[in-house]
Structure formats: structure tokens, C-alpha cells
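So you can see what is in the structure, the chains are spelled out below.
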Amino acid sequence: MKKGLKFFLTHFFIVVFFVVAALAYFSPVLQGKVIYQHDIAQYTGMAKERNDFKKNTEEESYWTNSAFGGMPTYQLGANYPHNYIKNLDRLIRFLPRPADYLFLYFIGFYILLCCLKVDFKLAILGALAFGFSTYLIIIIGAGHNAKAHALGYLPLLLAGIVLVFRKKYLWGFVLTALAMALEIVANHYQMTYYFMLLVLVLGVVYFIDAIKKKQLKHFFGSVGILLAAVALGIAANATSLLTTKEYADWSTRGKTELTINPDGSLKDNTDGLSKAYITNWSYGITESLNLFVPRLFGGASQENLGEDSKSFNYLIDKGLPRRSALDFVNGVPLYWGEQPGTSGPAYIGAIIFFLFILGLFLVKNKHKWWLLFGALLSLVLSWGKNFSLLTDFMIDYFPLYNKFRAVSSIQVILELCVPILAILALKKIFSGKVDAKDKLTSLKYAAGVVLSLGILLFVFKGMFDFIGPSDDRLRMTGLEELPEMLRLDRKAAYTSDLLRSMGYVLVTCLFLWLFLKDKLKMNLVVGTLGLLILFDLVGVNLRYVNSDNFVSKRKMLEPFQATPADKAILKDDGVFRVFDQTDGFDSAKTAYFHQSITGYHAAKPAGIQDLFDFHVYQGNLSVLNMLNIKYVVQQDEEGNKFPIENPNANGNAWFVKNLRQVASADAEIKALDSLNTKETAVVNTEKFKNLNRFDYQLDSSATITLVDYKPNHLTYESNNQNAGVAVFSEMYYKNGWNAYIDGELKDHFKVNYVLRALKVPGGKHSIEFKFEPKVVAQGSQISLASSIILVLVILGGIGFSFWKSRKEEES
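Residues numbered from 1 in each chain as written. Predicted model: local features only at pLDDT ≥ 70, side-chain atom pairs only at ≥ 80, totals over all residues. Heavy atoms only, no water.

**Student:** Lay out the overall build of the protein chain with the relevant residues and their values.
**Tutor:** The secondary structure content of the protein chain amounts to 29 helices and 19 strands. Here the protein chain has a C-alpha radius of gyration of 30 Å; the compact-globule value for 811 residues is 28 Å, and the two agree. Oriented by its inertia axes, the alpha-carbon framework of the protein chain measures out at about 100 × 80 × 50 Å. A total of 811 residues make up the protein chain; the buried ones form 55% of that total. As presented, the protein chain carries roughly 35800 Å² of accessible surface, and 58% of it is formed by carbon and sulfur atoms. (Helix = DSSP H or I, 4+ residues; strand = E, 2+ residues; numbered from the N terminus. Rg over C-alpha atoms; globule rule 2.2 N^0.38 Å. Buried < 20%, exposed > 50% of the residue type's maximum accessible area, 1.4 Å probe, protein only. Areas by Shrake-Rupley, 256 points an atom, 1.4 Å probe, with all protein chains shown as cover.)

**Student:** Go over the environment of F195, please, and point to the residues and values.
**Tutor:** Positionally, F195 belongs in helix α9 (residues 189-213). Spatially, the C-alpha atoms of F195 and S343 are 23 Å apart, while their sequence positions differ by 148 residues. In this structure F195 touches L154, L157, L158, I161, I413 and L416, once residues within four positions along its chain are discounted. (Contact = heavy atoms within 4.5 Å.)

**Student:** Hey, could you go over helix α21 (residues 482-516) for me, with residue numbers and the actual values?
**Tutor:** Because each turn of an α-helix spans 3.6 residues, side chains separated by three or four positions in sequence point in the same direction. Given a rise of 1.5 Å per residue, 35 residues ought to cover 51 Å, and the 51 Å separating the end C-alpha atoms of α21 matches this to within 8%. Remark: D518 follows α21 within two positions and exhibits a positive phi of approximately 60°. (Expected span 1.5 Å × (residues − 1).)

**Student:** An account of the nonpolar core is requested, with residue identities and associated values reported.
**Tutor:** Core analysis: the largest hydrophobic core is formed by 166 residues, its most contacted members being F26, F354, Y401 and L512. Among all residues touching Y401, those that are not within four sequence positions of it are Y193, Y194, L197, L381, M394, I395, V407 and I410. Formed by 77 residues, the second largest nonpolar core is a distinct cluster that contains V656, L758, V760 and I767. (Core = buried A, V, L, I, M, F, W, Y, C linked by side-chain atoms within 4.5 Å.)

**Student:** Describe in detail the pattern of salt bridges, supporting the description with residues and values.
**Tutor:** Counted according to the given criterion, the structure contains 26 salt bridges. Residue D580 is joined to K641 by a salt bridge in which the shortest nitrogen-to-oxygen separation is 3.3 Å. Here D580, found in strand β5 (residues 577-580), pairs with K641, found in strand β8 (residues 641-645); they are 61 residues apart in sequence, far enough to count as distant. Residue E744 is joined to K746 by a salt bridge in which the shortest nitrogen-to-oxygen separation is 3.5 Å. Residue K746 is classed as partly exposed on the basis of its relative accessible area, which comes to 33%. Through salt bridges with shared partners, a single ionic network connects D89, R93, R97 and D100. (Salt bridge = Lys/Arg side-chain N within 4 Å of Asp/Glu carboxyl O.)

**Student:** Describe in detail helix α19 (residues 436-459), supporting the description with residues and values.
**Tutor:** In this model α19 runs 34 Å from its N-terminal to its C-terminal C-alpha over 24 residues, within 8% of the 34 Å that 1.5 Å per residue would give. Taken residue by residue, α19 has K439, L440, S442, L443, A446, A447, V450, L451, G454 and L457 as its buried positions. Looking at the buried side of α19, the elements it contacts are α15 (350-362), α18 (411-429) and α21. Capping of α19 at its N-terminal end is provided by D435; its side-chain oxygen lies 3.1 Å from the backbone amide nitrogen of K437. (Polar contact = N/O pair within 3.5 Å; in protein donor to acceptor, adjacent residues only side chain to side chain.)

**Student:** How would you explain the sheet that holds strand β14 (residues 724-731) if you had to name every residue and give the values?
**Tutor:** Taken together, four strands build an open sheet; the order of strands is β9-β14-β18-β17 and the sheet is antiparallel. For this open sheet the edge positions go to β9 (653-656) and β17 (749-751), each flanked by a neighbour on one side alone. Shown here is a sheet whose adjacent strand axes are inclined to one another by a mean of 40°, direction ignored. Sheet topology places β17 next to strand β18 (residues 755-760); three bridges connect them, and they run antiparallel. Residue pairing for β18: V751 is matched across the bridge by L755. (Pairing = 2+ DSSP bridges. Axes fitted to C-alpha atoms, helices over the stretch in contact; angles between N-to-C directions.)

**Student:** Account for the sheet that holds β8, naming residues and giving values.
**Tutor:** The mixed open sheet is built from four strands, whose spatial order is β6-β5-β7-β8. Each of the sheet's edge strands pairs with one partner strand only, and the pair in question is β6 (595-596) and β8. Relative to strand β7 (residues 629-635), β5 runs parallel, the two being bridged by four bridges. The partner of D580 across the bridge, within β7, is V633.

**Student:** Tell me about the packing of aromatic side chains, residues and numbers included.
**Tutor:** Using the criterion set out here, one finds 54 aromatic pairs in the structure. Pairing F612 with Y617 gives two aromatic rings, centres 5.4 Å apart and planes at 65°, and the pair type is edge-to-face. Each residue in the set F17, F18, Y25, F26, F106, Y110, F132 and F550 is aromatic and connected to the rest through ring pairs, giving one cluster. Sitting above the plane of the Y592 ring, K48 keeps its charged end 5.1 Å from the centroid. Directly above the ring of Y206 sits K366, whose terminal nitrogen or CZ lies 5.2 Å from the centroid. (Phe/Tyr/Trp six-rings, centres within 6.5 Å; stacked < 30°, edge-to-face > 60°. Lys NZ or Arg CZ within 6 Å of the ring centre and 35° of its normal.)

**Student:** How would you explain the packing of helix α16 (residues 366-382) against α18 if you had to name every residue and give the values?
**Tutor:** Between α16 and α18, the shortest axis-to-axis distance is 8 Å and the interhelical angle comes to 150°. Classified by the interaxial angle, the pair formed by α16 and α18 is roughly antiparallel. Where α16 crosses over α18, the two elements pack in a sense that is left-handed. Between α16, through H367, K368, L371, G374, A375, S378, L379 and S382, and α18, the contact on the second element is made entirely by Q411, V412, I413, L414, C417, I420, L421 and L424. (Parallel < 35°, antiparallel > 145°, perpendicular 65-115°, else oblique. Left-handed = near helix turned anticlockwise from the far one by under 90°.)

**Student:** Can you explain the pairing of strand β13 (residues 713-720)? Please cite residues and give values.
**Tutor:** The pairing of strand β12 (residues 703-710) with β13 spans seven bridges and is classified as antiparallel. Bridge assignment links T705 to a residue of β13, and that residue is E717. Hairpin connection between β12 and β13: a loop of two residues separates the two successive antiparallel strands. Looking at chain direction, β13 and strand β19 (residues 763-771) are connected through eight bridges and run antiparallel. Along β19, the bridge assignment pairs T715 with E768.

**Student:** Tell me about the pairing of β5, and name the residues and values.
**Tutor:** Of the two faces of β5, the one lined by R577 and F579 and the one lined by V578 and D580 are each fully buried. Both β5 and β6 contribute to a ladder of two bridges, which runs parallel. By the bridge assignment, V578 is partnered in β6 with S596.

**Student:** Just give me the short version of the side chain of Q609, but keep the residues and values in it.
**Tutor:** Within the element layout of this structure, Q609 appears in helix α26 (residues 606-616). Given a relative accessible area of 15%, Q609 falls into the buried group. If near-sequence neighbours (up to four positions away) are discounted, Q609 is found in contact with T252, F585 and K604.

**Student:** Give a detailed account of a positive patch on the surface, specifying residues and quantitative values.
**Tutor:** Judged by side-chain charge, K117, K168, K427, K433 and K804 come together as a positively charged surface patch. With respect to the secondary-structure elements, K433 resides in the loop between α18 and α19. (Patch = residues over 30% accessible without salt bridge, like charges linked within 9 Å, V, L, I, M, F, W, Y side chains within 5 Å. Lys, Arg positive; Asp, Glu negative; His and termini not counted. Charge placed at Lys NZ, Arg CZ, Asp CG, Glu CD.)

**Student:** With reference to specific residues and values, describe the packing of α19 against α21.
**Tutor:** The contact between α19 and α21 brings their axes to 10 Å, and the two run at 170°. Put simply, α19 runs roughly antiparallel to α21. Counted together, K439, L440, L443, A447, V450, L451, G454, I455, L457 and F458 of α19 and Y494, T495, L498, M502, V505, L506, C509, L512, W513 and L516 of α21 form the full contact between these two elements. The residue makeup of the contact of α19 with α21, split by class, is 17 nonpolar, two polar and one charged. (Nonpolar A, V, L, I, M, F, W, Y, C, P; charged D, E, K, R; others polar.)

**Student:** Break down the environment of K553 for me, with residues and values.
**Tutor:** Positionally, K553 belongs in helix α23 (residues 553-557). Along the backbone, K553 and Y36 are 517 residues apart, and their C-alpha atoms lie at a distance of 8.9 Å. Among residues more than four places away in sequence, those in contact with K553 are G32 and V34.

**Student:** Break down unusual backbone geometry for me, citing the residues and quoting the values.
**Tutor:** A cis geometry characterises the amide bond from R97 onward to P98, with omega recorded as 5°. Positive phi, normally seen in glycine, also occurs at H82, with a value near 60°.

Right, dumping it as C-alpha cells:
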């Protein structure tokens, strides 16, 4: 009884410590502030119509017309029936955001290390090292909440796998199923996919180990248990997975029907994203050493150099006001690596890097091999186009790899593996079962490798030019010597951070050597290492995410302010779209106030992207008429925005005289070059083969009017003397939109590459389009059944544990 109470109290206070640590780093949340995150501000713009509709009606719309001309809300915060795992997730993340994500990092990694039979003191140290890994903090600052969310649950998922292979079958199954379910709730499948690559590596290593130990029965039994657990976790999220798959096929992540580019050349890849897009953010090979030295390549695209920098002093010497000089050096482009830009380095900590190298010498079991190979695979794949041999193979032949962009982010697997092996190395150092001579030899070798690397970087820094991609633009300011001053600042940052990292390594080596020589006690060494790791990582993190990133809650709830142009357009209470040419295609600002054809999303609707590529970007703005663009926002020479009303907009719906037949998607989108969309619509008869009439008599009095608007329910009234075809300025999405004429379900079809069309009989009629996605109803039933099974398994496990404990007490 006392043992159980001690166990509970120990872990309880550790959880409290993690809560305090998370709140301490993000302390402005205690003042009611929130972190300003660019991506979340954009998300707020995208989800505005969905959220307002939900607030006013308490109904899920599952569709929004405010962005990209119209799209499902499956990736914009949609809630589904029987999504009980999401409620559990909210319970676990009880702290104010973003402290909740940092807490999730801590607790997940702590549980993982406990499952690897690591002492709780070392597990705390490892959790802090993982949680404060610079990349994991930076993505929170950038607003990549789904990514942070998903990464927080990966250690739990790995812990479940480890438990099963440790023959803790029941609780390993439960933890794996729960963690898998929570991982999917996080809704960042790219991170989950990359983790599965690590699991494949782990599986191969465990399989080889099972052959050596003649334990194949245990291995395959464990694999079977894990597959069942993963399947149950997936099934508990059936709705979100099915809807995401359905939308992905319709988006830029799906297989395009087009075989040509806008210039007429043949497409290289018609399934998934292009190689150029996938590898645009590729880590430089040498740049990867910022895992050890944070500002080896400058750190971030915007760094604060302060008053001691060469750039600041140069600007002052040139007569710039002190305030102006400070403003410049507060956001100087210090980064000079190969990526288009970055918010900061993927720094894992000099101490953790050293301990990882120590683990390669000291740890002898199978854990070393899957952690090493997993880290190496992650590192090499993060190089993307800089190591095209492997990257091209993965894109061309490995299932689903071409669905994800920004390959540099696969380094998250390395950032999971490295601190695990680092802590396992410490476990060996403090273990009485390992020969003291072996420990000292491993420490010498690791110190020799890491310090030699540091010396080489110091001696050969002259091989680097320290020139950034934006330096030429700085010369245009008239400050000719500024790029040279900036180059010197980059070199200074390189040197100072290199010496900083080597200093931390030397101190770590000293304390471990003193312990091995029986000069220091374990608790003192662990405590000192914990403080050093915190000083190291937190010190770097505060360069990129600190109290300056926090703003009032209102600024995030209302991230966009209406311009005079927006206010003028909002006086028009009609239903139409707005195209703000000043914001570009990748902005959700317009969607926050109006219905827009632009937006901000990692998986854009493919149709609207193609329209921009083939027509809008090429200057063919006639397609704006069929999209019912009533206002185009432009900007004068002084930067003031103003709206221009488009008198040629087709309206919400209209009757056409004829349908022009084409036999491919290529022909359909090319036909829009010269199409009079008010009179003619183009239809791909290869997709809609049941159409048998293509010309219609259209009288001048024919009308079709939108009389009631909801994002998921549009009602029109038509009056046409003859039967005809009506075209609607709404996106065609076959998986959910149903058309009704006078309450009777009717087939509708796609015209003009992206729009809906419907055959309407002569006379007066009520026409309705309702968004009724079957996938939500089907997925919800699967989620309900799976959740019930999962609860029963957990209750059964608890009951079995009590029964087993009582039997042991009786015996």
C-alpha cells in the first residue's frame, strides 16, 4: 500500500513540476495574453464563416464559401458526432495555449522513458530536453499548432510500442490504441506518417534481434497486437480520417486530371505534389550541424543582433537615427542557409548532442540501432533536393511520400530519437552493471569526436562565405557596405555559438568524469546536467519565442482589421465574392470579411488552384465573372486600398444557351480562354456521359435568383419559359452536395471546370442545394463502435490488474 502511494505521489508531483515549467516559459498566459501565431491568424480568417454559423445556429455546416470559392470545413475545425477522443484530448491539454503543447511534450516523453525503464530523475531530465528542443518551441511560435499537437503524442505512441515488445501486452495495447487515437485527433498526418517510417526502422531492428534470440513467436505476436491497437485507434477517428481522405482527393494533394501545365508542356507528376514543391524547404547538408551549434548558419531569417553588432554601428556611423538602426538590427536577415527562409534552427542542444554520441559508444542493445538508423534516415531525407538520389526514390516509389511538402520537417524524428539515446547513455553511466573502464573509454571517445568536430568547424570557418540570399537587395538601400557588415555579424554569431556549444560539452564531460572518478554523487550530477540543459536550450529558445510574441487575446480573436475598402464592400448585403489583388493567393484576410477566391491552406482546392495557374496568373480575368466576383480590391500609389465594382459578374446563377462538349479536363480548362460564360458552359462528357442535350432555347425573361443563403443550404427560385441548364457560381463537390427541384432530388453536374450546373424544367421552381455528406454519418457510427470497444478494453484491463494484484497479495 505504501509502495503504491509513494509511486502515485512521485509521479503526481512530477506532473505538477511539468505544469509549472510549461507555465513558467509561457508565463504571459497567466496574464490572459495569447501568443501571436501567423498561421492561427490565417486559420481564424479561413474558419470565420464556419465559426459564426456554428455560434448562431449551434449547427455544423461542414462547408464554407468564404475561402477559395468554397470548400469543406473538414480541415477548418469541424466537429463530428461521437468524437469522444477529442474530448479526452481537451482534458489532457487543460493548460492555456500554448503551455498545453509544452506540457504535452514533457509528459509524453517522460512516460516513454519510464516505459524504457529509465529512472524517474533521468526521465525528467529527458522530458525537459525534448520539450525545450528549439524546433518544437519555434513551431509553436509560428502557429503550427497541429504539428506541435501531433509531435506531443508521438512519444506516447512509441511508449505503447515499447511496452508491447516488453511483453506488457495488455497495457501496451491500451496505450498504443489511445495514443494512436489521440495522434490522429491532432490532425497532422505528415508527422504521423514520418513517425511510421521510424516504426518501420524499429520493426526491422526488433525482427533481426528476435531472429538472433529465437523469439519470432513473441515478435509476430507483438506485431499482431500492435496492428490491432493501431486499427482501433484509427477507427475511433473514422470520421476525421474519411473526410480528410475525401477532401485530399479533391485538393492539390490528390491526383490531378490535367496532363499539361499552363504553358502547354506535359506535367511531370499527376499524382500528389510536384517534386519542386515537396523539396522547396530542403535542409543544407552542412547546415544540419545547427543541431549542435544553433547559429552556425545564422539562425533565423529575422534575428535581433542588438547594439553590439557591426551592422548597428555601421548604420549609426551613416547617420541613421538610433531608433531606426535598432529597428533594423531587431529583424536582420541573419540566416544564410539553403532554405527559402526559416524561423530558427533545429537545435537539439549541445549537451544532448554530446550525450547522443556517447550513447553510440556506450549503449550496446537494440535500442541504439533503431534510434541511430531512425535519426540518420530522418537527417538524410531532410536534405531533400540536396540528396536527390534518396529523395527522388521516396517521392517516386514510396507510398504517400509525395503527398507532403517541406521535407526538412522530417527532422522531427531525429529530434525524438536523439534525446532518447542521450538519456539511455546517462542511464548506462549511472548504472552499476556497466564496467567503469568501459564508461571512461566511451566518454573519452565521445568527447574526442564532438570536440574535434567543434575544432574543425572553428578552423575551417573560412571556407564559408556567410552571404545570404537577400544581401543584394540591401545594397539597393544605398548602404553599400551593409552586406559586408552583416557578413561579419554572421561570422561573429557562428563563432560565439560554436564556442558556446563547446563550452557546454566541456562542462558536461568534466562532471561525468568527476562522477566516474567517485568525486561527485549521482544526484548532484543529474541536477547540474538538468540545469545546464535548461540554460542551454531555453537560452536559445528565448531568441525566437518569448514574451514579445504575446498579444492581447482580442488581437488573435480578431486578427484582421477592416480597411476602408472592406467597410465599403460590407455595405452591400448581397451574396457575392471579392478578389483582393493586393493580398495575393495565400492570404485569409479577405475570407475573414467576405466570400473570397483566395485563402490560406496547406491543401488548397485543386480546381481553384488550376484556375489561378491557367487563367488568373496569365491575365485572363474573365473567369472572375463566372465566379461572381463583384468587387476587385486594388491599391493606389500611396498604398491605399480601394474596391472596383465588376459590372460583368455573372451573379449567383444564370441560364445558358448551350453546353460545349469536350473530352478531357485539359480541353475543359483551356476552353475557358475564350468562353462567353454568360451564354455557354463547357462540360467534360467523359465525366458526365448521360448528358444527351446540349442546346437550349433561352428567353430574355428567364430568371434564377438566390433567395436564401446558408453556407450549407442554398435556395433559389427559377422562372424560365423553357427547360434549360442553370449554372451556379458555386464549387462542384460531388461528395455531399445534393440538388433538389421542388423538394425532389435531381442529378447535377460540373461545368466550366469547377462550377455546378443543373437541368431545370420550364416554369417556376424552387431549387435547393444542400450539403449532406454521407461520410460524416458513416464515419460517426464507426467512431462510436470503436470508442465503446476501447473503453471496454480499458475497463477490462483495470479489472484484470486489480484481480491480479489481489491474487498476489493472497499468495
